[in-house]
Amino acid sequence: MAGAVSAGVLAWRRGPAGPELLLVHPGGPYWRGKDEAAWSIPKGLAEPGEDLLAAARREFQEELGAAVEGDFQPLSPRRLPGGKVVHAWLVKADLDLSGLCSNLFELEWPPRSGRVQAFPEVDQAAYHPPEAALRRIHKGQRTI
């Protein structure tokens, strides 16, 4: 994973009590039932030479099934503990998340069973107040 580059979007909206941040919960059996330090900003790997904002918007669309528009503000790139560098953009976007439609990934499950199953890359998306977002986001992404 060292040297890998990811791009993502941190969307926010004004909630009744102040700003709320959009995070996604990974799908699949490994993350089922986990909440604290399990969520992420919508992000994914960028192809070599790909425009990073275009990659971030593509990943957002793939993970949520909805495009995001607005005035994208770049955040400082962050190196995760595994060596991956995440480039992220902040954008104000109050999205209807009821139609969540994530792309799928395949995984041999249960392990060593020989049976491959498809799982959604994202199984939940929600806006969180900043304090809750800090508890829920992966520890390596807390500085994004």
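Here the structure is a predicted model, which means the values were calculated and not measured.

1. Considerations on the overall build of the chain
Argument step 1. Check the secondary structure of the chain and you find two helices and nine strands.
Argument step 2. From first element to last, N terminus to C terminus, the chain shows the α and β order β-β-β-α-β-β-β-β-β-β-α.
Argument step 3. Each of the three principal axes of the chain carries a C-alpha extent, and together these read 45 × 35 × 25 Å.
Argument step 4. Counting the 144 residues in the chain, one finds 40% classified as buried.
Argument step 5. Across the chain, the fraction of contacts at a sequence separation of at least 24, relative to all contacts at a separation of at least 6, is 64%.
Argument step 6. Taking the average place of the 17 positive charges on the side chains of the chain and the average place of its 18 negative ones, the gap between the two points comes to 7 Å.

2. Focus on the layout of surface pockets
Argument step 1. Of the voids in this model, the largest pocket is the one considered here, and its volume is about 490 Å³.
Argument step 2. Considering the residues around the largest pocket, the lining is formed by 23 residues, among which Pro26, Ser40, Lys43, Glu121 and His138 are closest to the centre.
Argument step 3. For the lining of the largest pocket, the secondary structure elements donating two or more residues are strand 2 (18–26), strand 3 (43–45) and strand 7 (104–108).
Argument step 4. Reported here for the second largest pocket is a volume of approximately 160 Å³.

3. Some words on unusual backbone geometry
Argument step 1. A cis geometry characterises the amide bond from Trp109 onward to Pro110, with omega recorded as -5°.
Argument step 2. By the secondary structure assignment, Pro110 is in the loop between strand 7 and strand 8 (116–120).
Argument step 3. Even without glycine at this site, Ala37 takes up a positive phi of about 60°.
Argument step 4. You can see Ala37 is positioned in the loop between strand 2 and strand 3.
Argument step 5. You can call Ala37 buried: its relative accessible area is 19%.
Argument step 6. The backbone of Arg112 shows a phi angle near 60°, a positive value even though the residue is not glycine.

Thresholds, definitions, all that
- Residues numbered from 1 in each chain as written.
- Predicted model: local features only at pLDDT ≥ 70, side-chain atom pairs only at ≥ 80, totals over all residues.
- Heavy atoms only, no water.
- Helix = DSSP H or I, 4+ residues; strand = E, 2+ residues; numbered from the N terminus.
- Buried < 20%, exposed > 50% of the residue type's maximum accessible area, 1.4 Å probe, protein only.
- Contact = heavy atoms within 4.5 Å.
- Lys, Arg positive; Asp, Glu negative; His and termini not counted.
- Charge placed at Lys NZ, Arg CZ, Asp CG, Glu CD.
- 1 Å grid on protein atoms, 1.4 Å probe; cavity = no way out; pocket = protein on both sides within 12 Å on 5 of 7 lines; lining within 4 Å.
- Points joined across faces, edges and corners; volume = space filled by probe spheres on them.

That's the geometry; what it means functionally is another story.
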